[in-house]
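As a plain string of letters, each chain reads:
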Amino acid sequence: LIYIQGRDNLSCGSTPEPTCQDKPQWKDIAGDGCSWYGQNDSRCEQLGNTSGTNGFTANEACCVCEGGDITNDNGGNNNNSDGNTNNGGGNSGGNSNGSGS
């Protein structure tokens, strides 16, 4: 580590900015997706608590409604709108025998 006077906040890399991703293929009970909610500022407030795909509401599933999944580019922990943590690295659990159970 080299110290340069007056420059004590140097780093060798940058931390990726977190980004939001809508829950994949989410739709509300009327068949509208997250992009529909983004077309009008009041839709999230007025209709965002209606359940849709996998029991998620627009307010939980859509970034435009302050939901969705927060991710970063370095594979680190991601906090999701459903309160769970995604530890990066993809699906490490689950059933690998193809039975879908």
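Structural data are supplied above this passage.
Here, residues in each chain are numbered from 1, in the same order as that chain's written sequence. Where local features are concerned, this predicted model is filtered to residues with pLDDT of at least 70; where side-chain atom pairs are given and counted, the filter is 80 or more; whole-chain, interface and lining totals use all residues. Note: side-chain values were computed over all heavy atoms of the structure, leaving out hydrogens and water.

**Q** Tell me about the overall build of the protein, and please be specific about residues and values.
**A** Think of it this way: any DSSP run of H or I at least four residues long counts as a helix, any run of E at least two long counts as a strand, and we number them from the N terminus. In terms of helices and strands, the protein carries three helices and four strands. Seen in sequence order, the protein has helices and strands lined up from the N terminus as β-α-α-α-β-β-β. Taking all 101 residues of the protein together, 22% fall into the buried category. When the accessible area of the protein is evaluated, it comes to approximately 7500 Å², of which 43% is carbon and sulfur surface. Relative accessible area decides the class of each residue, using a 1.4 Å probe on protein chains only: under 20% of the type maximum gives buried, over 50% gives exposed, and in between gives partly exposed. Areas reported here follow the Shrake-Rupley algorithm with a probe of radius 1.4 Å; residue values treat only the protein chains shown as occluding.

**Q** Kindly report on the state of the cysteines, identifying the contributing residues and their values.
**A** Any pair of cysteine sulfurs within 2.5 Å is marked as a disulfide. What the rule picks out here adds up to three disulfides. Disulfide partner of C34: C62, at an S-S distance of 2.0 Å. Torsion about the S-S bond of the C34 and C62 cystine: about -80 degrees, corresponding to left-handed handedness. Separated by 28 residues along the polypeptide, C34 in helix α1 (residues 34-38) and C62 in the loop between α3 (58-61) and β2 (69-71) bring together distant segments of the chain. Both residues of the pair, C34 and C62, count as buried. C44 shares a disulfide with C65; S-S distance 1.9 Å. As the torsion about the S-S bond is roughly -70 degrees, the C44-C65 disulfide counts as left-handed. Highlighted residues: C44 in helix α2 (residues 43-47) and C65 in the loop between α3 and β2, separated in sequence by 21 residues. Among the residues examined, C44 registers a relative accessible area of 11% and is labelled buried.

**Q** Quick rundown of the environment of E45? Include the residues and the values.
**A** Looking at the element boundaries, E45 is found in helix α2. Of the residues examined, E45 reaches a relative accessible area of 72% and is grouped as exposed. Measuring from C-alpha to C-alpha, the distance between E45 and N59 comes to 8.3 Å, with 14 residues separating the pair along the chain.

Keep in mind that these numbers describe shape and distance, not what the molecule does.
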